[in-house]
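Per-entry structural report
Letter by letter, the chains look like this.
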Amino acid sequence: MSETHATVAAKAPVFPPGRYGRRREPGRRQPVLLALTVTVMLAVLGLGAAKLYYQYGDPEYQGEMISYTDITDSRVVVDFRVTVPPGGSATCLLRARSHDGAQVGSAEATVTAEPGQRHIRTRQEVSTSARPFIGEVLRCRPAG
């Protein structure tokens, strides 16, 4: 029987080499896995942004409201200008609203520019179900 002294300081345990496997260092991360995850997430977000831009944000097709006239109980005439690529065509969505803001009519107008021209000025009648207060151009997109 061996004697154990109560006054001996306790040390960190010493393990025989190779018996318990390699010890991991605390807080060590996998930088390759983190970089790969960030890259994939940025690619997915970039593709989503590109899809939404091409679907809703094409700056080549812009509609500008000029005026609205000839307001009656059943119609309004909208005068507007559209910017398209040279010689291109666009389909614009027009809307009429009543005084309380409710939509009372809508129409689509397809316009085509002369060869070499980028701007088209046109008038379109929008039929309504009640007396409109305002006519407006909501958006323009490529025709087709």
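An account of the accompanying structure is given in this report. (Residues numbered from 1 in each chain as written. Predicted model: local features only at pLDDT ≥ 70, side-chain atom pairs only at ≥ 80, totals over all residues. Heavy atoms only, no water.)

Some details on unusual backbone geometry
To keep things clear, this is the line we draw: What counts as a helix is a DSSP run of H or I of at least four residues, what counts as a strand is a run of E of at least two, and both are numbered from the N terminus. Throughout, exposure labels follow a simple rule: accessible area from a 1.4 Å probe, protein chains only, divided by the maximum for the residue type, with under 20% read as buried, over 50% as exposed, and the rest as partly exposed.
Not every positive phi belongs to a glycine, and D70 is a case in point at roughly 50°. Along the polypeptide, D70 turns up in the loop between strand 1 (62-69) and strand 2 (75-83). When its relative accessible area of 40% is taken as the criterion, D70 is described as partly exposed.

As for the state of the cysteines
Keep this limit in mind: Disulfides are defined as cysteine sulfur pairs within 2.5 Å.
Here the structure, examined in full by the defined rule, presents 1 disulfide. Linked covalently through their sulfurs, C92 and C140 form a disulfide whose S-S length is 2.1 Å. Its S-S torsion of about 110° marks the bond between C92 and C140 as right-handed, since a negative value means left-handed. Of the two residues, C92 is situated in strand 3 (residues 89-97) and C140 in strand 6 (residues 134-142); the sequence distance between them amounts to 48 residues. Of the two residues, C92 and C140, neither departs from the other in class, the shared state being buried.

Section: the side chain of T128
Put simply, the rule reads: Polar contacts here mean pairs of N or O atoms no more than 3.5 Å apart (in protein, one a potential hydrogen donor and the other a potential acceptor; neighbouring residues in sequence count only if both atoms are side-chain atoms).
With respect to the helices and strands, T128 occurs in the loop between strand 5 (119-127) and strand 6. Within polar-contact distance, the side chain of T128 engages the backbone nitrogen of R75 at 3.2 Å. Here A130 takes part through its backbone oxygen, which lies 2.9 Å from a polar atom of the side chain of T128.

Brief notes about the sheet that holds strand 4 (residues 103-112)
Which entries qualify depends on this criterion: Whether two strands pair comes down to DSSP finding at least two bridges between them. To get an axis, a line is fitted to the C-alpha atoms, and for a helix only the part in contact is used. The angle between two axes follows their N-to-C directions and goes from 0 to 180 degrees.
A sheet is described by the order of its strands in space; here 3 strands give the open sequence 4-3-6, paired in antiparallel fashion. The sheet is open, and its two borders are formed by strand 4 and strand 6, each paired with just one other strand. Each adjacent strand pair in this sheet contributes to an overall mean axis angle of 20°, direction not counted. With 9 bridges connecting them, strand 3 and strand 4 associate as antiparallel partners. Bridge pairing links T91 to T110 in strand 4.

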